[in-house]
Amino acid sequence: MNQSNIVIFASGSGSNAEVIIRHFATHQKMHVVAVFTNNPQAGVFARAEKLNIPCFVFSNEDFLDGQTLNQKLKNINCSHIVLAGFLRKIPELLIQNFKIVNIHPALLPNYGGRGMYGMKVHEAVLAAGENESGITIHEVNQKYDEGTILFQAKCEVKADDTPNTIAERIHKLEHKHFPEQIEKWILQNDN
Ligand code: GAR
């Protein structure tokens, strides 16, 4: 198997980015080589620094044209992109050139699509009176949250839940499964 160079895209607190970085820190063949973010104030920036992973901050213009990021990713030999709390639609050029996986904090195809991210998802789940939610790990294609589903795991939604308590439960599920599912996905891609 070739060496895999993972780049994490994140724009939030970065708790998933951190567990992913820690998971691959001792891996023989798979490494997190950089974190890309559009927000230097985001928690993920400080986490990447603390873990000695280079963090590249890109501007809105860089993101929209796609070329700058494409070149930067090529320069660092990126082989796989992981979206871990990244809220923008990925430019077509990157979709064509890289294998990309995303995590979504609900059971897709429900509660997905444009505008559905983070707490908004949990608020919608709660408002609909669902008694379960979960996580979806999926490949990224041109359509928001519609790529091939690789993995799902469920958790209950309790009567006295708030968006915050659901988010906490969902984060636990994400941290438990995302790193190992990324590893599995990379192995499958390489065979
Ligand atoms: C995660 O729950 C992730 O599933 C969600 O953002 C959160 C980021 O948390 N992603 C989306 O909503 C994408 N549509 P983190 O910054 O602590 O990893």
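To be clear, the structure that these remarks concern was listed above.
Okay, so let's go over this structure. For every chain, the first residue of the written sequence is number 1, and numbering continues from 1 onward in sequence order. Under the rules for a predicted model, residues below a pLDDT of 70 receive no local features and side-chain atom pairs below 80 are neither given nor counted, while totals for whole chains, interfaces and linings still include all residues. The basis for every side-chain value is the complete set of heavy atoms in the structure, and neither hydrogens nor water enter the calculation.

**Considerations on the site of the ligand**
Move 1: In the region of the ligand, 14 residues are neighbours, and Gly-14, Ser-15, Asn-16, Gly-118 and Glu-174 sit closest.
Move 2: Polar contacts, as counted here, are pairs of nitrogen or oxygen atoms within 3.5 Å of one another; within protein the pair requires one atom able to donate a hydrogen and one able to accept it, and residues that are adjacent in sequence qualify only if both atoms are side-chain atoms. For the ligand, an oxygen atom lies 3.2 Å from a polar atom in the side chain of Ser-13.
Move 3: Within the backbone of Asn-16, an N or O atom sits 2.9 Å from an oxygen atom of the ligand.
Move 4: The Shrake-Rupley method, run with a 1.4 Å probe, gives the accessible areas here. Residue values count only the displayed protein chains as cover. In the complex, the protein chains occlude 92% of the 450 Å² of accessible area that the ligand would expose alone.
Move 5: When residues are grouped by polarity, Ala, Val, Leu, Ile, Met, Phe, Trp, Tyr, Cys and Pro land in nonpolar, Asp, Glu, Lys and Arg in charged, and all others, Gly among them, in polar. Across the shell around the ligand, the residue classes break down as four nonpolar, nine polar and one charged. Residue proximity to a molecule or strand is established when one non-hydrogen atom of the residue lies within 4 Å of it.

**A word on the pattern of salt bridges**
Move 1: The salt bridge criterion pairs a side-chain nitrogen of Lys or Arg with a carboxyl oxygen of Asp or Glu, the two atoms within 4 Å. With the rule as written, the count across this model stands at five salt bridges.
Move 2: When the shortest N-O distance is used, the salt bridge between Lys-154 and Glu-132 registers 3.5 Å. Of this pair, Lys-154 sits in strand S7 (residues 149–156) while Glu-132 is found in strand S6 (residues 132–139), placing the two residues 22 residues apart along the sequence.
Move 3: According to the relative accessible area criterion, Lys-154 is exposed, its value standing at 54%.
Move 4: By relative accessible area, Glu-132 is classed as partly exposed at 34%.
Move 5: The closest approach of N and O atoms between Asp-161 and Arg-169, which form a salt bridge, is 2.7 Å.
Move 6: By relative accessible area, Asp-161 is classed as buried at 8%.
Move 7: Relative accessibility under 20% of the residue-type maximum defines a buried residue, over 50% an exposed one, and the middle range a partly exposed one, all with a 1.4 Å probe and only protein chains included. Look at Arg-169 and you get partly exposed, because its relative accessible area is 21%. Secondary structure counts use DSSP, requiring at least four H or I residues in a row for a helix and at least two E residues in a row for a strand, with both numbered from the N terminus.

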